2 protein chains.
Amino acid sequence: MSSLAAELEAAAQIGADGGGVSRFAWSPELAQANEWLIRRLEELSLEAELDPAGNVFGRWAVGEGSAVLVGSHLDTVPRGGRYDGALGVLAALATVRVLRAEGVEPKRPLWVVSFNDEEGSRFQTGMLGSRAFCGEVDLEDWRRRGVADAMARAGVDFDQLTSARAVDGVGAYLELHIEQGPVLEQSGEDLGIVTAITGLLGFRVKLLGAANHAGTTPMDGRRDALAGASRIVLELREEARAREDMTANVGIVSVEPGGFNVIPGLAEFTIDVRSPTAEGFERAEAFVRETVKRVAAEEGLGMEMSATHRKPPVALDQGLQDALVGAAEAEGASYRLMPSGAGHDAMVLAHHVPAAMLFVPSRGGISHSPDEYTPPEQCELGARVLARAVRGLVG
Amino acid sequence: MSSLAAELEAAAQIGADGGGVSRFAWSPELAQANEWLIRRLEELSLEAELDPAGNVFGRWAVGEGSAVLVGSHLDTVPRGGRYDGALGVLAALATVRVLRAEGVEPKRPLWVVSFNDEEGSRFQTGMLGSRAFCGEVDLEDWRRRGVADAMARAGVDFDQLTSARAVDGVGAYLELHIEQGPVLEQSGEDLGIVTAITGLLGFRVKLLGAANHAGTTPMDGRRDALAGASRIVLELREEARAREDMTANVGIVSVEPGGFNVIPGLAEFTIDVRSPTAEGFERAEAFVRETVKRVAAEEGLGMEMSATHRKPPVALDQGLQDALVGAAEAEGASYRLMPSGAGHDAMVLAHHVPAAMLFVPSRGGISHSPDEYTPPEQCELGARVLARAVRGLVG
């Protein structure tokens, strides 16, 4: 077994949970994983640090100028897989190991990172660690969600989150990650070189109708909130199918009063819409707002809609994409340029420094599941391309 | 205040619950209402009886031949209204009071009834009292639902339910009820004379898709269970709107796993379909089965569908309808012939004896709610027409 495969196996034992892995921000399981990582970093003679936001760094303090930062995250969703995040952290470790073995003396600092709370599983925060690292703190929001209490119980100081900002020393960020989708598996390509990280829009919608008797109310006198929601589900899908640059999902829905023979008087649901281009993002946002309003009006329903999140798409750095393309070709790996449909720490970093991402295939497109899997040879190839690109950047 | 209005007021105090009324089968509240009714029956010199199924009878044992049975039910849905059921029982009392006052000597027996457990609120039984009265017992099903235990706690013998059959002594059944829909209020007519009680069909449906990531799964690679459910909701509505003789409702829906950014891999929902004609009932049933199967196949979804209930429509007796028409005209009441979209005890009785129903308007079509309301003068008019029709039948 390669050292990367062995380390993936070792990391997956920490927080092992019913075939999957559960490691949440400021939990004992993530603390244990961080300690494990710090030992690995120190074995490679890196300067290890757990920063005030719970991010783990391993610094090869060498050369001059801004650092090349390489990594991902070790936290997970509940019963998540063993690759999401961990692969990128362990590939960064492997990169340092390769460079040490080859006797490379970097001309600039090289840092390994494991960002805290990328998944936001406990408090629906998401990318808290990388945001704090980039100085994007929202103490009030995080306190309201319970982060301060959790940090206090873990013995760390919530107010120190503001002192975690250290992005200014970084000149480039690279992250290897599993695709979490089926595109590479279906195309048969080895790697995805990420052009942009999709913009994320979230909405909560309430439609208000009238909860009347399903047998005695004439069909043309109904104000059926679920019928309105159903139209919106299908119109969003139709629009997204007709466009290259948009996805749409209604993942949560509930109706009240919820009786077999009662017309739904209230339907509540979420809308998740994404686009990797600025223009597509604006169009998708306008389409959602117009569609919900129009359908509610046509159905005679009251309507409340609130945006839960709005993260415009981020184009990744062209120079770093070119470096990854060159490294892939040198390693004989096939690849495609593709957007990322999921959010990542690179999305936060890209607003501050040149950033890039490299994908390896996900079997069946499955992620956030114990069934998440990428074959060892595909993980290895991704790590080799990452190491080669980093060698070029620090050489 | 008329005696009918006073008695509606008095009955509504028994089991009063947050502006509404809660009286369930074999509960202390319904027992108290039954005792109250028995006192009223005895005041009118009727032979009062609580039968083995919890039905209350008041028998005017007079004349010869089969009895005319008049009544409804005193049980309610949770926090139900004060008219649903109670109005028909109290109008039957008022009918006897009128005949006594007029010195009418019936040529055949006249019985007042309050059937037990019409709503089936506790055990999802429904019309248990009238079914037992008609000999339609299903001891095994009722025991499984908890009826036997509840009866034991109330000190009555479950096995005696089979001895409640007494429909054979009845020659006609008449029931006054609120419409529970908006038709009469909107048309401005005083009364509805019911032609048929709608057939009821119920289904539970599960659609099985794939719970993938909402951002990374291409739109054309999704198997979205909620999209399938949405199509079915809308196709059922379209069919029901296009036909005179069908209603359709999806009143309960849930999806799993229920994540903002996860495509619904499972959707479960109910379908309630009704038709007042035998031909419409068959067509509606076929339409539901065909639509669910076709949509599931087109969407690439697995499908499980089970029928929860199937009660074909029942035409009410023409001779009794004619008697109600004559009585309405004699009282100067406007009326329309209409089907009932809700189930009633008359539906059970109609399989055994000639049965008929009379509706009074429901304000706003509202029922099963504390807001249920029918103005006193409309209740009175309904009761007068009922009394006149009964007088004709027993005279």
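Residues numbered from 1 in each chain as written. Chains lettered and ligands numbered in written order. Predicted model: local features only at pLDDT ≥ 70, side-chain atom pairs only at ≥ 80, totals over all residues. Heavy atoms only, no water.

Caption draft 1: Structural detail: the relation of the copies chain B and chain A. Of the transformation placing chain B onto chain A, the axial shift is 0.1 Å and the rotation is 180 degrees, giving an RMSD of 0.1 Å. The transformation just described matches what one would write down for a two-fold rotation axis. Within chain B, the C-alpha atom positioned nearest to the axis of rotation is that of Ser 230 of chain B, 2.2 Å from it. Same-surface contact between copies: 100% of interface residues of chain B are shared with the interface of chain A. (Least-squares fit on C-alpha atoms with pLDDT ≥ 70 in both. Contact = heavy atoms within 4.5 Å.)

Caption draft 2: Just the environment of Ala 148 of chain A, in detail. Residue and element names in this part refer to chain A. Mapped onto the elements of the fold, Ala 148 is located in helix 6 (residues 147–153). Judged by relative accessible area, which is 10%, Ala 148 ranks as buried. It is 45 Å that separates the C-alpha atoms of Ala 148 and Glu 298, two residues lying 150 residues apart in sequence. For Ala 148, the residues in contact, after removing those within four places along its chain, are Trp 142, Arg 143 and Phe 158. (Helix = DSSP H or I, 4+ residues; strand = E, 2+ residues; numbered from the N terminus. Buried < 20%, exposed > 50% of the residue type's maximum accessible area, 1.4 Å probe, protein only.)

Caption draft 3: Quick peek at the interface of chain B and chain A. Taken together, the contact pairs 51 residues of chain B with 51 residues of chain A. In total, about 4100 Å² of surface goes out of reach between chain B and chain A, with carbon and sulfur atoms giving 62% of it. Salt-bridge contacts for Glu 299 of chain A lead to Arg 237 of chain B; the nearest nitrogen and oxygen are separated by 2.7 Å. Taken together, the links from chain B to chain A amount to 10 residue pairs in polar contact (both at pLDDT 80 or more). Looking at the side of chain B that touches chain A, the elements that each hand over two or more residues are strand 9 (199–208), helix 8 (225–242), strand 10 (247–249), strand 11 (253–256), strand 12 (266–275) and strand 13 (302–311) of chain B. The residue makeup of the side of chain B that touches chain A, split by class, is 23 nonpolar, 18 polar and 10 charged. (Buried area = accessible area lost by both parts, 1.4 Å probe. Salt bridge = Lys/Arg side-chain N within 4 Å of Asp/Glu carboxyl O. Polar contact = N/O pair within 3.5 Å; in protein donor to acceptor, adjacent residues only side chain to side chain. Nonpolar A, V, L, I, M, F, W, Y, C, P; charged D, E, K, R; others polar.)

Such coordinate-based values are descriptive only and should not be taken to indicate function.
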